[in-house]
Amino acid sequence: MMSQQVETVFSAEQFLLSRHSVRQYVPGITMSDEELNELLTLASSAPSSWNLQHWRFLVIREQAGKERLLPIAYGQQQVVDASAVIVVLGDLEANKVAEQVYEQATPEIRSMMKQQVDGAYANNPVLARDEAIRNASFAAQQLMLAAKAKGYDTVPMGGYDAKALIREFSIPERYVPVVMIPVGKAAKPARPTGRLPLEHQTIHESF
Ligand SMILES: Cc1cc2nc3c(=O)[nH]c(=O)nc-3n(C[C@H](O)[C@H](O)[C@H](O)COP(=O)(O)O)c2cc1C
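Given the structure is predicted, the values throughout are model-derived calculations rather than measurements. (Residues numbered from 1 in each chain as written. Predicted model: local features only at pLDDT ≥ 70, side-chain atom pairs only at ≥ 80, totals over all residues. Heavy atoms only, no water.)

Draft legend 1. Summary view of the side chain of Gln78. Topologically, Gln78 is positioned in helix H4 (residues 78-81). The class of Gln78 is buried, set by a relative accessible area of 6%. Not counting chain neighbours up to four residues away, the residues in contact with Gln78 comprise Arg23, Tyr25, Val155, Met157 and Pro182. (Helix = DSSP H or I, 4+ residues; strand = E, 2+ residues; numbered from the N terminus. Buried < 20%, exposed > 50% of the residue type's maximum accessible area, 1.4 Å probe, protein only. Contact = heavy atoms within 4.5 Å.)

Here is the structure:
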């Protein structure tokens, strides 16, 4: 008998609403390099200030690495059972890539952009941190949607010991951990969640 593939066609709205935090994954499912690269390429299409692409993806797919994450993530089992755990890092020295980003621009534009970026970053660690976290967060959200589009589920995680993560995975000082994202095949659907009313979330025109 021929197997029949059932394809569900979602509207863009339904697709956005289909992402929810899955916390139980089928263990032992590997993610190929090809799938991983597709996800990361889609994630990196996120926007960023001056197009500096402040994100870095620390990818942990080996079982031993995921086991090392377990105590760091306060025993949250999803980091062990997911196919991959992607730690999204923010670049505190993103100004350093301006030269490369503007490589194809005219010398005048390249020099103007570099000056602008370096001016903003000079002696301003608060801006550097804000920019790192803000911009890496866009890539993180894009990564979760890309994973969903490819048949995976995710859960964004802030519940981990950042200092221990930095120590255990030798993360250089240049990078700040932003969010940890297990990506895997759902063993159990996400818990339903609601949202506060729009009136709570929205301020029209001015406070
Ligand atoms: C920054 C951030 C940190 C989070 N940390 C955790 C976490 O450590 N563990 C966890 O199970 N869920 C975590 N969550 C998931 C939230 O609980 C979840 O997004 C929220 O309840 C809404 O549910 P939904 O994602 O299914 O729509 C986190 C979400 C965000 C955005």
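Draft legend 2. Highlighting the site of the ligand. For the ligand, the set of nearby residues contains 13 residues, the closest of which are Ser21, Arg23, Gln76, Gly158 and Arg195. For the ligand, a nitrogen atom lies 3.0 Å from a polar atom in the backbone of Pro156. Contact with the protein chains covers 62% of the free accessible surface of the ligand, which is 620 Å². Grouping the constituent residues of the shell around the ligand by class yields three nonpolar, seven polar and three charged. (Near = heavy atom within 4 Å. Polar contact = N/O pair within 3.5 Å; in protein donor to acceptor, adjacent residues only side chain to side chain. Areas by Shrake-Rupley, 256 points an atom, 1.4 Å probe, with all protein chains shown as cover. Nonpolar A, V, L, I, M, F, W, Y, C, P; charged D, E, K, R; others polar.)

Draft legend 3. The arrangement of the nonpolar core in detail. Of all hydrophobic cores here, the largest spans 22 residues; its most connected members are Met31, Leu39, Val88, Leu143, Ile181 and Val183. Mapped onto this core, the elements with two or more residues apiece are helix H2 (33-43), strand S2 (84-91), helix H7 (125-149) and strand S4 (175-184). With seven residues, the top contributor of residues to this core is H7. Apart from residues no more than four positions distant in its own chain, Leu143 is found in contact with Leu39, Leu40, Ala43, Ile86, Val88 and Ile181. (Core = buried A, V, L, I, M, F, W, Y, C linked by side-chain atoms within 4.5 Å.)

Draft legend 4. Representation of the pairing of S4 within the structure. Burial within S4 is extensive, with 10 of its 10 residues counted as buried. Pairing analysis gives eight bridges linking S2 to S4, with the strands arranged antiparallel. Bridge pairing in S4 links Val88 to Val179. Here strand S3 (residues 153-154) pairs with S4 via two bridges, running antiparallel. (Pairing = 2+ DSSP bridges.)

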